[in-house]
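Each chain is listed here by its residues.
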Amino acid sequence: SVNETFDTLKSLDTMCDLVPEVKYPRIPGYRPKPEDRFGNAWVWRCDIAGAPFGKLFGKSVAITDNTAVAGVPMSNGSQLLDGYMPEYDATVITRILDAGGRIVGKAACDDFCFGAMGFSAVDGYISNPEHPEQRVGGSSGGSAVLVATGQVDLAIGADQSGSVRVPAAWTGTVGLKPTFGLVPYTGVVPVEPSVDHVGPITRNVSDCALFLEVIAGNDSLDGRQAITIEIPDYSKMLEVNMTGKVIGVLQEGFQTCTQETQAAVREFLATVVQAGFVLKRVSVPLHLH
């Protein structure tokens, strides 16, 4: 009966939720003054030291403000979450700290991560302090700016339809949207599970590969992940001789780009050919639709 169902639900309500352990001590930190927000890229400053060793030891990390850091306010770029403070660390946060990373603050993102330009964040337009006339992209624009300008070594961003890749491309950093389910989204504010990804933003490919090693893998909480996920040493894979490796070049990808963009991509392709890569022209007519 309905009453029996309600009794069961009441029983469930008395049970404690599983709250992941918060391993590393921290204080809430502080909201920086407008002049210290670095083009509105910083939302909050804190200082959480991880393990005294590990792959990320000695590296400072910024976290996009849709990712839970226990005891540190999280806005997800919106006034609607004003005053919200997570009780637990997202899985990627725990892994960063376990690997020796030092979390030094939360980076601005578009309002609820809906946007690719970086102008709807709670503190306003995210500007590039070195190139104020240029957009930085979004929604993880704050993370990309802080990495590009040397405020931090590494940053976490979230990507649904370009929210890591767009700001990375527009700031000259390396942003990776990982393979679906490779990195657990647990503790990150979702947009839609079938398109949610969380990934690294770094200044170079080597750091990106190392960062991916740390945050990837099953956490037994994200239902989108395979039970077992093999995580290779991505950073060591970069040491392999790339001579003869094939890079596919999507021909239809050029048709909707400006001449300036086409020229930049072709210049890059010429560089990788000199490094020993082989280019292969690939056509996917459906790409235009």
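Parameters and conventions
- Residues numbered from 1 in each chain as written.
- Predicted model: local features only at pLDDT ≥ 70, side-chain atom pairs only at ≥ 80, totals over all residues.
- Heavy atoms only, no water.
- Phe/Tyr/Trp six-rings, centres within 6.5 Å; stacked < 30°, edge-to-face > 60°.
- Lys NZ or Arg CZ within 6 Å of the ring centre and 35° of its normal.
- Pairing = 2+ DSSP bridges.
- Helix = DSSP H or I, 4+ residues; strand = E, 2+ residues; numbered from the N terminus.
- Contact = heavy atoms within 4.5 Å.
- Axes fitted to C-alpha atoms, helices over the stretch in contact; angles between N-to-C directions.
- Patch = residues over 30% accessible without salt bridge, like charges linked within 9 Å, V, L, I, M, F, W, Y side chains within 5 Å.
- Areas by Shrake-Rupley, 256 points an atom, 1.4 Å probe, with all protein chains shown as cover.
- Salt bridge = Lys/Arg side-chain N within 4 Å of Asp/Glu carboxyl O.
- Buried < 20%, exposed > 50% of the residue type's maximum accessible area, 1.4 Å probe, protein only.
- 1 Å grid on protein atoms, 1.4 Å probe; cavity = no way out; pocket = protein on both sides within 12 Å on 5 of 7 lines; lining within 4 Å.
- Points joined across faces, edges and corners; volume = space filled by probe spheres on them.
- Nonpolar A, V, L, I, M, F, W, Y, C, P; charged D, E, K, R; others polar.

K.L.:
Account for the packing of aromatic side chains, naming residues and giving values.
P.N.:
In this structure the tally under the stated criterion is zero aromatic pairs. Above the ring of Trp 42, the side-chain terminus of Arg 45 is found at 3.9 Å from the ring centroid. For the cation-ring pair, Arg 266 lies above Phe 254, with the distance from its terminal atom to the ring centre recorded as 4.1 Å.

K.L.:
Go over the sheet that holds strand 6 (residues 197-202), please, and point to the residues and values.
P.N.:
An order of 1-3-2-4-6-5 is seen for the six strands of this open sheet, with the pairing classed as mixed. This sheet does not close on itself; its edge strands, each paired only once, are strand 1 (42-49) and strand 5 (174-175). Here strand 2 (residues 60-64) runs beside strand 3 (residues 102-107); their pairing, made up of five bridges, is parallel. What sits directly across from Ile 63, in strand 3, is Lys 106. Each of strand 2, strand 4 (154-159), strand 5 and strand 6 touches helix 5 (residues 205-215); the most contacted strand, strand 6, lies at about 145 degrees to it.

K.L.:
Explain a nonpolar patch on the surface residue by residue, including any values.
P.N.:
On the surface, a cluster of nonpolar side chains totalling about 500 Å² of accessible area is made up of Val 2, Phe 6, Leu 9, Leu 12 and Met 15. If you trace the backbone, Leu 9 turns up in helix 1 (residues 2-13). Assessed through its relative accessible area of 42%, Leu 9 is described here as partly exposed.

K.L.:
Help me get a handle on empty space enclosed by the protein, residues and values and all.
P.N.:
With the rule as written, the count across this model stands at one cavity of 30 Å³ or more. Taken as a whole, the largest cavity holds about 30 Å³ of empty space. Around the largest cavity sit Pro 178, Thr 179, Gly 181, Leu 182, Val 183, Asp 196, His 197, Val 198 and Arg 224, which together line it. Within the lining of the largest cavity, the residues separate by chemical class into four nonpolar, three polar and two charged.

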